[in-house]
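For reference, the chains in residue letters:
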Amino acid sequence: MAVFFKGALILIGVAFIGECIEFLTNMVLANELGAHGMGLYMSILPVIFLIVTIASMELPISISKFIAEKEEKYHRGMLQYTIRLTILFVLLLMAAAVLWLHALPVFRHYHPYIRWLIVALIPIIAFSSIARGYFMGVQQMGKIAVANFLRKIMQLVLLVFLFHWIQFDLELSIFIALCTLVGSDLIVLLYLFHMFVLQMKMLKKKEQAEMGGKTIRRSLLAVSLPTTGMRVFHSITNAIEPFFIKWVLVKSGMTETMANEHFGLMAGVAFTIGFFPAFIAHSLSTVLIPTVSEAYVKKDGLKLQKLLQQVMMMTFVYGLPAVVIIYLFAVPLAALFSHSAAAAVYVQLLWPYFLFHYFVIPMQAFLIGLGLVRDALAHFVWSTAVMYCLIYFLGVNPQYQMAGVMIAMNTGTLLVMMMHYLTICKKIEVSLILRKPMKHTF
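Below: a short report on this structure.

So, how was this worked out
Note that residues are indexed from 1 along each chain, following the sequence as it is written. Only residues with pLDDT of at least 70 get local features here, since the model is predicted, and only at 80 or more are side-chain atom pairs given and counted; chain-wide, interface and lining totals rely on the full set of residues. The side-chain quantities take in all heavy atoms of the structure and omit both hydrogens and water. Numbering goes from the N terminus for both helices and strands, where a helix is a DSSP run of H or I of at least four residues and a strand is a run of E of at least two. Our radius of gyration is a C-alpha quantity, and the globule rule it is checked against amounts to 2.2 Å times the number of residues to the power 0.38. Buried means the residue's accessible area, taken with a 1.4 Å probe over protein chains only, is under 20% of the maximum for its type, while exposed means over 50%, and partly exposed covers the values in between. Here a polar contact is taken to be a pair of N or O atoms separated by no more than 3.5 Å, where protein atoms must pair a possible hydrogen donor with a possible acceptor and residues adjacent in sequence count only if both atoms sit in side chains. When checking whether two residues touch, look at their non-hydrogen atoms; a contact exists if any pair is within 4.5 Å. Between the rings of Phe, Tyr and Trp (Trp by its six-membered ring), a pair exists once the centres lie within 6.5 Å; its type follows the angle of the planes, with under 30 degrees stacked, over 60 edge-to-face, and the other angles tilted. Expected helix span is computed as 1.5 Å times (number of residues minus one). Points on a 1 Å grid over protein atoms alone make up a cavity when a 1.4 Å probe fits among them but cannot get out, and a pocket when they form an open set with protein on both sides within 12 Å along at least five of seven lines; lining residues each have an atom within 4 Å of a point. Grid points are joined across faces, edges and corners, and a volume is the space filled by probe spheres set on the points. Any residue outside Ala, Val, Leu, Ile, Met, Phe, Trp, Tyr, Cys, Pro, Asp, Glu, Lys and Arg is labelled polar, Gly included; the first ten of those are nonpolar and the last four are charged. What makes a patch is a set of residues exposed beyond 30% relative accessible area and free of salt bridges, joined within 9 Å when like-charged and within 5 Å when nonpolar (Val, Leu, Ile, Met, Phe, Trp, Tyr). Here, Shrake-Rupley sampling with a 1.4 Å probe gives the accessible areas, and only protein chains in the shown set may cover a residue. Think of a salt bridge as a Lys or Arg side-chain nitrogen and an Asp or Glu carboxyl oxygen that are within 4 Å of each other. Angular values range over 0 to 180 degrees, each being the angle between N-to-C directions of two axes fitted as lines to C-alpha atoms, with helices fitted over their stretch in contact. Roughly parallel covers angles under 35 degrees, roughly antiparallel covers those over 145, roughly perpendicular covers 65 to 115, and oblique covers all other angles. Should the near helix be turned counterclockwise from the far one by less than a right angle, the crossing is left-handed, whereas a clockwise turn marks it as right-handed. Here, nonpolar core refers to any group of buried Ala, Val, Leu, Ile, Met, Phe, Trp, Tyr and Cys residues whose side-chain atoms link them within 4.5 Å.

### Topic: the overall build of the protein
Each helix and strand counted, the protein has 15 helices and 0 strands in total. Whereas a compact globule of 442 residues would reach a radius of gyration of roughly 22 Å, the protein reaches 22 Å, a difference of no more than 12%. Here the C-alpha coordinates of the protein stretch approximately 65 × 50 × 35 Å along the principal axes. Across the 442 residues in the protein, those meeting the buried criterion constitute 55%.

Structure, rendered in structure tokens:
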């Protein structure tokens, strides 16, 4: 437990700084791109994140789980095999991306080179994922924290430098903003690759044992495939969501320009403010996966119960005050990004969405650690289906419009949070109030 809290505190501390930097980054983007440009930027990001999800194959999760569960003598052989497998996968994915991205109509409003930027991002994400997974598995969270910080600070530095010295039209400005995103990921890859090579040299000096390639592949894919499926589903729905919401708003009576601007205010302003405290949830999630995996393999039910209790309490302690502050200070916070009065209203309407989201992130990590990835995917499918139905039926109503969209989003997140929580409690045999006595093993 001491290792868990030490890793979590390191990640939380650095993540707080990183979120402050990202806050500034989004302010720069909002000022440079405007409401319409921010709407276009936020609309294309989910498509890019979908490619990133596929490229990573959730290797950080599967590798960290493998490292936490297996003896150290198997680590080097597994990593070498994973690198060879990743090279083959990257080549196939890049070839598919070159053909597939040109056929997507979503890019018609964007700079033509954005497609090639996404293709270049594939190997960067794939190989950095291997290093991330290893350092997560051995609980070297300091390196993960440094990588996360580098990504945030370098994107801000590149944005400020380029937009300060050079003026671009809107199409080129969005392309440049995405270039800074890819450039920061490249810098992170160089750092992680350097640290990973040093670690591999240290492993070479220690006791080695071979594990068959088929066994390694099966062990990794047993986690990677369902987790990637869940992430891909989530990414696809996120990629569709901007266009679906804007289509619904147009059906409710808005013009296409108005719909794009209102979505930009919600995604570029409200989400930026509301998800700011989520860095704590993401930090807990990173540490939880290997910790829960190790406890589950050892059948240490008492440790799992304590972990769940502490994570829920920590989330409540920071989450509730966070949404209260966000709600009360919505107007001055939203004014940092936009002069539109609607932005502050959207922040206030989405407070349940943000609060439930803080709980969903660590609970999803808990499910992955327990080997319940398929359950997590099923929860997202059901909650998304409910949310999309509500977005349509409420959003097309001229009396609701954006308010209806946000009611639907609040409902969907509440639903997935409750399903995650009930499944975890059932799996580790604990009551819903986390007070039922448990045995030390299942």
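After that view of the structure, there is still more to cover.
### Thoughts on the side chain of Ser64
Structurally, the position occupied by Ser64 is in helix 2 (residues 59-69). Among the polar contacts made by the side chain of Ser64, one reaches the main-chain carbonyl oxygen of Pro60 at a distance of 2.8 Å. Once residues within four sequence positions are removed from consideration, Ser64 is found in contact with Leu59, Gly133, Met136, Gly137, Ile289 and Pro290.

### Side note on the packing of aromatic side chains
Scanning the model with the defined rule gives 16 aromatic pairs in all. Taking the centre distance of 5.8 Å and the plane angle of 25 degrees together, the rings of Phe271 and Tyr353 count as stacked. Of this pair, Phe271 sits in helix 8 (residues 256-274) while Tyr353 sits in helix 13 (residues 351-369), and the two are 82 residues apart along the sequence. The pair formed by Phe271 and Tyr353 is uniform in burial state, with each residue classed as buried.

### As for helix 3 (residues 75-101)
In this model helix 3 runs 36 Å from its N-terminal to its C-terminal C-alpha over 27 residues, within 8% of the 39 Å that 1.5 Å per residue would give. Within the span of helix 3, buried status applies to His75, Arg76, Met78, Leu79, Tyr81, Thr82, Thr86, Val90, Leu93, Ala97 and Leu101.

### Some points on empty space enclosed by the protein
The method is simple in principle: a probe with the dimensions of a water molecule rolls over the atoms, and the space it marks as empty is what remains. Following the criterion strictly, the structure yields 2 cavities of 30 Å³ or more and no others. As a volume, the second largest cavity reaches approximately 30 Å³. In terms of lining residues, the second largest cavity is bounded by Ala97, Val98, Leu101, His102, Arg115, Trp116 and Val119. Secondary-structure elements contributing two or more residues to the lining of the second largest cavity are helix 3 and helix 4 (114-137). Considered class by class, the residues forming the lining of the second largest cavity number 5 nonpolar, 1 polar and 1 charged.

### Remarks on a nonpolar patch on the surface
A cluster of nonpolar residues, Met313, Phe316, Val317, Leu320, Val324, Ile325, Tyr327, Leu328, Phe329 and Trp351, forms a patch on the protein surface that exposes about 980 Å² of accessible area. Looking at which element gives the most residues to the nonpolar patch, the answer is helix 10 (residues 301-328), with 8 residues. Secondary-structure assignment places Tyr327 in helix 10. Among the residues examined, Tyr327 registers a relative accessible area of 37% and is labelled partly exposed.

### Focus: the layout of surface pockets
Empty space within the largest pocket amounts to approximately 420 Å³. When contributions to the lining of the largest pocket are tallied by element, the ones reaching two or more residues are helix 1 (2-56), helix 7 (213-251) and helix 8. Residue classes in the lining of the largest pocket are distributed as 8 nonpolar, 4 polar and 3 charged.

### Some remarks on the packing of helix 13 against helix 15 (residues 402-427)
Viewed as axis vectors pointing N to C, helix 13 and helix 15 meet at an angle of 30 degrees, and their least axial separation amounts to 9 Å. In terms of their interaxial angle, helix 13 and helix 15 are classed as roughly parallel. Seen along the crossing, helix 13 lies across helix 15 with a hand that is left-handed. Between helix 13 and helix 15, the residues in contact are Pro352, Tyr353, Phe356, His357, Phe359, Val360, Met363, Gln364, Phe366 and Leu367 and Met409, Asn410, Thr413, Leu414, Val416, Met417, His420, Tyr421, Thr423 and Ile424, respectively. Tallied by class, residues from the contact of helix 13 with helix 15 come to 14 nonpolar, 6 polar and no charged.

### Some remarks on unusual backbone geometry
We note that Met57 has phi near 50 degrees; this positive angle belongs to a residue other than glycine. Positionally, Met57 belongs in the loop between helix 1 and helix 2. Of note in the backbone geometry, Glu58 takes a positive phi value of approximately 50 degrees without being a glycine. Mapped onto the secondary structure, Glu58 falls in the loop between helix 1 and helix 2. For Glu58, a relative accessible area of 8% corresponds to the buried category.

### Things to note about the nonpolar core
Core analysis: the biggest nonpolar cluster contains 154 residues, and Tyr41, Leu79, Leu178, Met266, Tyr358, Phe366 and Ile391 have the highest contact counts within it. The dominant element in this core, judged by the number of residues it contributes, is helix 1, at 21 residues. When near neighbours in sequence (up to four residues on either side) are disregarded, Phe366 contacts Leu288, Val292, Leu304, Leu307, Leu308 and Ile424.

### What to know about the environment of Thr86
Its location among the elements puts Thr86 in helix 3. With 43 residues separating them along the chain, Thr86 and Ser129 place their C-alpha atoms 9.9 Å apart. Aside from chain neighbours lying at most four places away, what touches Thr86 is Leu59, Ala126, Phe127 and Ile130.

### With respect to the pattern of salt bridges
Within the structure shown, the criterion is met by 3 salt bridges. Here Lys152 and Glu22 are joined by a salt bridge, their closest N and O atoms 2.2 Å apart. With a gap of 130 residues between them, Lys152 in helix 5 (residues 141-165) and Glu22 in helix 1 connect regions that are remote in the sequence. Overall, Lys152 belongs to the buried group, its relative accessible area being 18%. Here Glu22 falls in the partly exposed class, since its relative accessible area comes to 29%. Between Asp185 and Arg151 there is a salt bridge; the shortest N-O distance is 3.0 Å. In this pair, Asp185 sits in helix 6 (residues 170-204) while Arg151 sits in helix 5, placing the two residues 34 residues apart along the sequence. Owing to a relative accessible area of 22%, Arg151 belongs among the partly exposed residues under this scheme.

Functional significance is not addressed by these values, which are geometric in nature.
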